[in-house]
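As a plain string of letters, each chain reads:
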Amino acid sequence: MRELMRLRIRTNRTQEDVVEELGALARRLYAERRIRKAPTFSVRQLRKWETADEPPWPHPEARAVLEAYWKRPVEELGLRPPLRDRSDPQVLTPVPLLGQDSPVDPVLAAESSSALNDEAPPPWLTETTTGTNRSGAWRISPDEVQLLSEAADDNYAIDQQFGAGRLWRPTRAHLLWTHHMIDRGIYDEPLGQQLHALAGKLTTSLGWFCYDAGLQTKARQYFSEALNAANYTGDDVLASRTLGNMARQAVDLNKGREAIRFARLGQRHAELWNAPPRVTALLAIREAQGHARVGDAFNCEAAIKRAWQEWERGESDQDPDWVLFLNLAELTCLEGMCRLDLGQTDRAQKLLARSEALQDVAHSRNRGMCLGRLSVAAVANGDVDHGIAAASAALRLVESGVSSARTVAQLKIVHDDMLLHHRARGVGDLLEQIRAYVA
């Protein structure tokens, strides 16, 4: 009995089951850009691979899917490439997925001195691969997955306090390693689900970190990959989070209508998993920001009202970690940003000043964002002294280590707005300080 058939029988799958799962996996790998096209599979094709004396040699994309599905080279499944001389030794040659030009032995990876890239996992993480042996079997440990998940949570907390300017690179390394575990490791179905969930979590976080670091093209790419993964795996929680992130970015890119569509689609996904109030509040305020950016005061007011109504329903044990930042200070700030975009400068200044007073040290990046917009609102409102004070406080945060490109972008706006008041007391010194950071 060929190994391919033995594995299928041992896992209690019919040929129809395997064909359906192979097709789904092919679509996912294609969506993740791990293969160049999604091959199709049929029961007739699988039957030939299992029973034919000379089974047809799969095309490269099909081999990649088969290897990812069974977690072993196709030669170990009983398939052989056409050879002129069958006496030649058989060499196992796994087909690399895109971005992974050659298979990497996790044991040997630590011995490599090459720079980190898409072809190799981070060498410093290979210490955790205790389940690896020289025969090529690499059994993934739940502790490894938990370690990476906790690292993702740590990076998110660092982002809230200091910004993401220095976070997107290590997060990308974590994501590469997670995909390596998925594609080359051995694990059961529950752990596999955790790995795919972790990959989605890291991908949308990477998109957010790139966005905060000012790498907008990269951010959109990772958001798209996270959304594709969410759609293929039916992960409505990941879809809600990613669409909320995409809506926020769209506002900053001056794509208000796009932001509205993203936020509303996120709300539909939130309904599918009965999201708690804080999630629906976040998506509502994201929609409000889109309306404000296009100058639609009526719909903006309605979305702001919905956001506050949902937020006032309180916290829930079901609140995901990515919505915990939405405290009173942050929601007040987000409404203030809407008012500023609508040209309601007096109301915006009051809301942003209230938000800044409520912000805590754990959300220093958000406080810096709030201060920048407070300065813009104050200057637009003719209150130059308060504008100087807010901008100076934002500069002190940048000096203390906040590395958010968005905060720096706000300081550029403050600088340009302050030029009209360059003769006012204190403005000249402030302009020089801003230039030192945004030049």
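Rules used in this analysis
- Residues numbered from 1 in each chain as written.
- Predicted model: local features only at pLDDT ≥ 70, side-chain atom pairs only at ≥ 80, totals over all residues.
- Heavy atoms only, no water.
- Helix = DSSP H or I, 4+ residues; strand = E, 2+ residues; numbered from the N terminus.
- Buried < 20%, exposed > 50% of the residue type's maximum accessible area, 1.4 Å probe, protein only.
- Contact = heavy atoms within 4.5 Å.
- Areas by Shrake-Rupley, 256 points an atom, 1.4 Å probe, with all protein chains shown as cover.
- Polar contact = N/O pair within 3.5 Å; in protein donor to acceptor, adjacent residues only side chain to side chain.
- Core = buried A, V, L, I, M, F, W, Y, C linked by side-chain atoms within 4.5 Å.
- Salt bridge = Lys/Arg side-chain N within 4 Å of Asp/Glu carboxyl O.
- Axes fitted to C-alpha atoms, helices over the stretch in contact; angles between N-to-C directions.
- Parallel < 35°, antiparallel > 145°, perpendicular 65-115°, else oblique.
- Left-handed = near helix turned anticlockwise from the far one by under 90°.
- Nonpolar A, V, L, I, M, F, W, Y, C, P; charged D, E, K, R; others polar.
- Phe/Tyr/Trp six-rings, centres within 6.5 Å; stacked < 30°, edge-to-face > 60°.
- Expected span 1.5 Å × (residues − 1).
- pLDDT = per-residue confidence, 0-100.

Colleague: Provide a residue-level description of the overall build of the protein chain, including the pertinent values.
Modeller: Within the protein chain, the secondary structure is distributed over 19 helices and 0 strands. Each of the 439 residues in the protein chain was classed as buried or not, and the buried ones make up 53%. Restricting the contact set of the protein chain to residue pairs at least 6 apart, pairs at least 24 apart contribute 65%. Taken as a whole, the protein chain presents about 20800 Å² of accessible surface, with 50% of it coming from carbon and sulfur.

Colleague: Which residues make up the environment of Asp188, and what values go with them?
Modeller: With respect to the helices and strands, Asp188 occurs in the loop between α7 (168-184) and α8 (189-212). Among the polar contacts made by the side chain of Asp188, one reaches the main-chain amide nitrogen of Leu191 at a distance of 2.9 Å.

Colleague: Describe the nonpolar core, listing the residues and the values that go with them.
Modeller: With 53 residues, the main nonpolar core has Val279, Ile285, Leu326 and Met418 as its most contacted residues. Sorting the residues of this core by element identifies α12 (277-293), α13 (297-311), α14 (328-341), α15 (345-358), α16 (364-380), α17 (384-400), α18 (405-418) and α19 (427-438) as the ones contributing at least two each. If one sorts the elements of this core by residue count, α17 sits on top with 9 residues. Contacts of Ile285, omitting those with residues within four sequence positions, involve Ile304, Ala307, Leu331, Leu334 and Glu335. Grouped together as the second largest cluster of nonpolar side chains are 39 residues, Tyr211, Ala213, Val251 and Ala259 included.

Colleague: Requested: an account of the pattern of salt bridges, with residues and values cited.
Modeller: Using the criterion set out here, one finds 17 salt bridges in the structure. With a shortest N-O distance of 2.7 Å, Arg34 and Asp183 are connected by a salt bridge. Here Arg34 is found in the loop between α2 (15-31) and α3 (43-51), whereas its partner Asp183 is found in helix α7, with 149 residues between them in sequence. With its nearest N and O atoms 2.8 Å apart, the salt bridge here joins Asp153 to Lys201. Of this pair, Asp153 sits in helix α6 (residues 142-162) while Lys201 sits in helix α8, and the two are 48 residues apart along the sequence. Each of the salt bridges in this network shares a partner with another, and the network as a whole consists of Glu3, Arg6 and Arg72.

Colleague: Residue-level account of unusual backbone geometry, with values.
Modeller: In the Ramachandran plot, Arg33 falls in the positive-phi region, its phi being about 60 degrees despite a non-glycine side chain. Within the secondary structure, Arg33 is located in the loop between α2 and α3. Of note in this structure, Lys71 is not a glycine but carries a positive phi near 60 degrees. Relative to the helices and strands, Lys71 resides in the loop between α4 (60-70) and α5 (106-109).

Colleague: Tell me about the packing of helix α10 (residues 236-252) against helix α11 (residues 256-272), residues and numbers included.
Modeller: As a packed pair, α10 and α11 sit with axes 8 Å apart at the nearest point and diverge in direction by 165 degrees. By the criterion of interaxial angle, the relationship of α10 to α11 is roughly antiparallel. With respect to the hand of their crossing, α10 and α11 are arranged in left-handed fashion. Between α10, through Asp236, Ala239, Ser240, Leu243, Met246, Ala247, Ala250 and Val251, and α11, the contact on the second element is made entirely by Gly256, Glu258, Ala259, Phe262, Ala263, Leu265, Gly266, His269, Ala270 and Leu272. Residue composition of the contact of α10 with α11, grouped by class: 12 nonpolar, 4 polar and 2 charged.

Colleague: Tell me about the packing of aromatic side chains, residues and numbers included.
Modeller: Per the stated rule, a full pass over the model turns up 5 aromatic pairs. A centroid spacing of 6.2 Å and a plane angle of 65 degrees characterise the contact between Phe41 and Trp49, whose relative ring orientation is edge-to-face. Note on accessibility: Phe41 and Trp49 belong to one class, buried.

Colleague: Can you lay out α8 for me, pointing to particular residues and giving the numbers?
Modeller: Helix length check: α8, at 24 residues, gives a terminal C-alpha distance of 35 Å against a target of 34 Å (1.5 Å per residue), a fit within 8%. Sitting at the head of α8, Asp188 places a side-chain oxygen 2.9 Å from the backbone nitrogen of Leu191. Trailing α8 by a residue or two, Gly214 shows a phi angle of about 85 degrees, which is positive.

Colleague: Which residues make up the side chain of Arg34, and what values go with them?
Modeller: The class of Arg34 is buried, set by a relative accessible area of 10%. At 2.7 Å, the side chain of Arg34 and the side chain of Asp183 are in polar contact.

Colleague: Please provide a residue-by-residue account of helix α9 (residues 216-233), values included.
Modeller: Residues spaced three or four apart along an α-helix face the same direction, because each turn holds 3.6 residues. When the terminal C-alpha atoms of α9 are compared, their 26 Å separation across 18 residues agrees well with the 26 Å that a helix rising 1.5 Å per residue should span. Along α9, the residues that are buried comprise Ala219, Tyr222, Phe223, Glu225, Ala226, Leu227, Ala229 and Ala230. In the segment just after α9, Gly234 is the residue with positive phi, at about 70 degrees.

Colleague: Give a detailed account of the environment of Arg396, specifying residues and quantitative values.
Modeller: Topologically, Arg396 is positioned in helix α17. Judged by relative accessible area, Arg396 falls into the exposed class, the value being 52%.

Colleague: Kindly report on the confidence of the model for the protein chain, identifying the contributing residues and their values.
Modeller: Scored by pLDDT, the protein chain comes out at a mean of 80, with 85% of its residues at no less than 70. This stretch, residues 84-135, has a pLDDT under 50; its non-local contacts, to residues over four places away or in other chains, come to 89 contacts.

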